[in-house]
Amino acid sequence: MRTNRRDFLKTLGGIAAFTIVPRHVLGNGFIAPSDQLTKGIIGTGGMGRGHVNYAGTRLVAVCDVDKKHLELGKQLVKDKIAAYHDFRDLILDPNVDIVHIATPPHWHGIMSVEAAKAGKDIWCEKPMTRTIGEGKRVMEAVKQNGRMFRLNTWFRFADPFYGLGTPVKPLKKLVQSGLLGWPLKVTISKHTGFDWKFYWVGKEYLEPQTVPSELDYDMWLGPAPYKPYNAHRVHQTFRGYWDYDGGGLGDMGQHYIDPVQYFLGKDNTSPVKVEVDAPQQHPDAVGTWRSITYTYDDGCQIVLWGGDFGDPNTPYISGPNGNVYKNFVCDIPDWEKKLADFPEPEPQVTDFIECVKTRQPFALNERNGFRSSTIVNMGATALRLNRTLEFDPVKLEFVNDEAANRLLDQPMRAPWNI
């Protein structure tokens, strides 16, 4: 029997207080008998099933509102594991240390907050949240409950960074050296090695269809507005609808933009303006766009070009003293020799399992993850309203724009709230 939200929170205040023991209260250096932390995955579609075998964790529980996906989730490991229909049951499972949220983004905020309240550490897929207001609630809940949070995009610290063909660390070193000058403009486009995936567009006219017997569509929608079921709304193609995500921008935005925020040194602030060049967006179905331009108060810019839009010869990073092009080509003479004399960037804490054990914040956490998520959500808001918006990075609200601020905290369908 599904409990309502009031009963769920009442349970957290009562029974859960005796059954859920946060790992950090057991003392520094405590390690489970298995030498592994336990994990539960909420959402066992393609993304959830692809993130099982992380060293130092053992999968003990899965949850999905689609019975077929749930069955696939149960088969991820040989051992028998707990299987839940309602995410609240997984969160309350005392055998789960880390809650991995691999649902569509319209659930990320609620699930992260409830996991934090239940004393769980959190591993969340990108984008961190679908709205700026939800991101604020996540930050607050993680801090208030002393939890560890990891946002699952890793390019600021690992792997070659798409069209640049290099990890981000050398880019960070080059930028902080000052050799390129200041302010800088970063252009993220197909021409510089980044595809915005415009196949994540919605269909403007969807015929109502019968809900498959295996899917709890009401629970899948959760806080999102009720819309008649159509297969294109759910599972692999949900990103094409504003109620659940933001198209290619929502899908790839934090992958592409978070490392830029890092190497520009903007982890504690946000752009003050966002401009869009795009067709008028449909209120339900996400469309395409030509460009989105973000400007910081010091003049730095992040420019996104969609599709084939823009000049193919434009550099990835443009500065007063030099440029960086695709494949990490820099036009400053002897730049590598000059760069060798500068200090390396500060080390990053990139082992989330150790972070959970030692309570040291992960490199991409709820605070800097919120800032890069905010950049994505600023763009989505400007696209939906089809106009330039000014933003206050301290108050975390749009300046003199009531319509834009209404999109900061969008209404949730009862009984859900955050």
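Under an unreviewed UniProt entry, the chain has the name Dehydrogenase and belongs to Parabacteroides faecis.

### Regarding the sheet that holds strand β10 (residues 301-305)
Pairing is mixed in the open sheet, where 9 strands are placed in the order β13-β12-β11-β7-β10-β9-β8-β14-β15. For this open sheet the edge positions go to β13 (329-330) and β15 (397-398), each flanked by a neighbour on one side alone. In terms of strand pairing, strand β8 (residues 273-277) meets strand β9 (residues 291-295) through 5 bridges, oriented antiparallel. The partner of V274 across the bridge, within β9, is Y294. Strand contacts of helix α10 (residues 247-263): β7 (185-188), β9, β10 and β11 (317-319), with the helix running at about 155 degrees to β7, the strand carrying the most contacts.

### A few points about the UniProt feature "domain: Gfo/Idh/MocA-like oxidoreductase N-terminal" (unreviewed entry) in the chain
Mapped onto the present numbering, the UniProt feature "domain: Gfo/Idh/MocA-like oxidoreductase N-terminal" (unreviewed entry) falls on residues 40-151. In residues 40-151, the share of helix is 36% and the share of strand is 21%. The end C-alpha atoms are 16 Å apart.

### Regarding unusual backbone geometry
Put simply, W182 and P183 share a cis peptide bond, and its omega is 0 degrees. Structurally, P183 is set in the loop between α8 (168-177) and β7. At the junction of A414 and P415, the peptide bond is cis and its omega measures out at 5 degrees in the coordinates. Along the chain, P415 falls in the segment after α14 (402-406). Of note, F328 is a non-glycine position whose phi angle comes to about 55 degrees, a positive value. As for its position among the elements, F328 is in the loop between β12 (322-325) and β13.

### What to know about the nonpolar core
Judged by nonpolar contacts, the single largest core of 106 residues is most densely connected at F87, I188, F263, L304, Y316 and I317. Contacts of I317, omitting those with residues within four sequence positions, involve L171, V175, L180, L184, K185, V186, F263, G322, N323 and V324.

### Some thoughts on the state of the cysteines
If you walk through the whole model with that rule in mind, you get 0 disulfides. No disulfide involves C300; its sulfur sits 16 Å from that of C330, the nearest cysteine. C300 gets classed as buried once you look at its relative accessible area, which sits at 0%. Free cysteine C355: the closest other cysteine sulfur is in C124, separated by 16 Å.

### Observations regarding the packing of aromatic side chains
Taken as a whole and assessed by the stated rule, the structure comprises 29 aromatic pairs. A centroid spacing of 6.3 Å and a plane angle of 65 degrees characterise the contact between F263 and Y316, whose relative ring orientation is edge-to-face. Of the two residues, F263 sits in helix α10 while Y316 sits in the loop between β10 and β11, which places them 53 residues apart along the sequence. Residue F263 shares its accessibility class with Y316, and that shared class is buried. What links up through ring pairs into an aromatic cluster is the set W154, F155, F161, Y162, F194, W196, F198, Y256, F263, W289 and Y316.

### Regarding the UniProt feature "domain: Gfo/Idh/MocA-like oxidoreductase bacterial type C-terminal" (unreviewed entry) in the chain
On the UniProt side, "domain: Gfo/Idh/MocA-like oxidoreductase bacterial type C-terminal" (unreviewed entry) is annotated at positions that read residues 164-418 here. Between the C-alpha atoms that bound residues 164-418 the distance is 39 Å, and the span itself is 27% helix and 13% strand.

### What to know about the pairing of strand β5 (residues 121-124)
Alternating positions in β5 separate into two faces, D121 and W123 on one and I122 and C124 on the other, with burial throughout. Strand direction decides the pairing type here: strand β4 (residues 98-101) and β5, joined by 4 bridges, are parallel. When the bridges of β5 are listed, V99 appears paired with I122. Regarding topology, helix α6 (residues 108-117) serves as the crossover connection from β4 to the parallel β5, and that connection is right-handed. Pairing between β5 and strand β6 (residues 149-151): 3 bridges, direction parallel. Residue pairing for β6: I122 is matched across the bridge by F149. Taking the sense of rotation as the criterion, the β-α-β connection linking β5, helix α7 (residues 132-144) and β6 turns out right-handed.

### Side note on the environment of H69
Its location among the elements puts H69 in helix α4 (residues 67-74). In this structure the C-alpha to C-alpha distance between H69 and G48, which are 21 residues apart in sequence, comes to 9.7 Å. If we skip the residues at most four places from it in the chain, H69 touches T44, G45, R49, D64 and H235.

### Brief notes about the sheet that holds strand β3 (residues 82-84)
In space, the 6 strands of this open sheet follow the order β3-β2-β1-β4-β5-β6, with parallel pairing throughout. Pairing within the sheet leaves two strands with one partner each, and these edge strands are β3 and β6. Sheet twist, expressed as the mean angle between neighbouring strand axes with direction ignored, is 25 degrees. The pairing of strand β2 (residues 57-63) with β3 spans 3 bridges and is parallel. Directly across from A61, in β3, lies its bridge partner A82.

Calculation criteria
Residues numbered from 1 in each chain as written. Predicted model: local features only at pLDDT ≥ 70, side-chain atom pairs only at ≥ 80, totals over all residues. Heavy atoms only, no water. Pairing = 2+ DSSP bridges. Helix = DSSP H or I, 4+ residues; strand = E, 2+ residues; numbered from the N terminus. Contact = heavy atoms within 4.5 Å. Axes fitted to C-alpha atoms, helices over the stretch in contact; angles between N-to-C directions. UniProt positions renumbered as here; feature names shortened; annotations may be inferred. Core = buried A, V, L, I, M, F, W, Y, C linked by side-chain atoms within 4.5 Å. Buried < 20%, exposed > 50% of the residue type's maximum accessible area, 1.4 Å probe, protein only. Disulfide = S-S within 2.5 Å. Phe/Tyr/Trp six-rings, centres within 6.5 Å; stacked < 30°, edge-to-face > 60°. Right-handed = clockwise from strand over helix to strand, strands pointing away.

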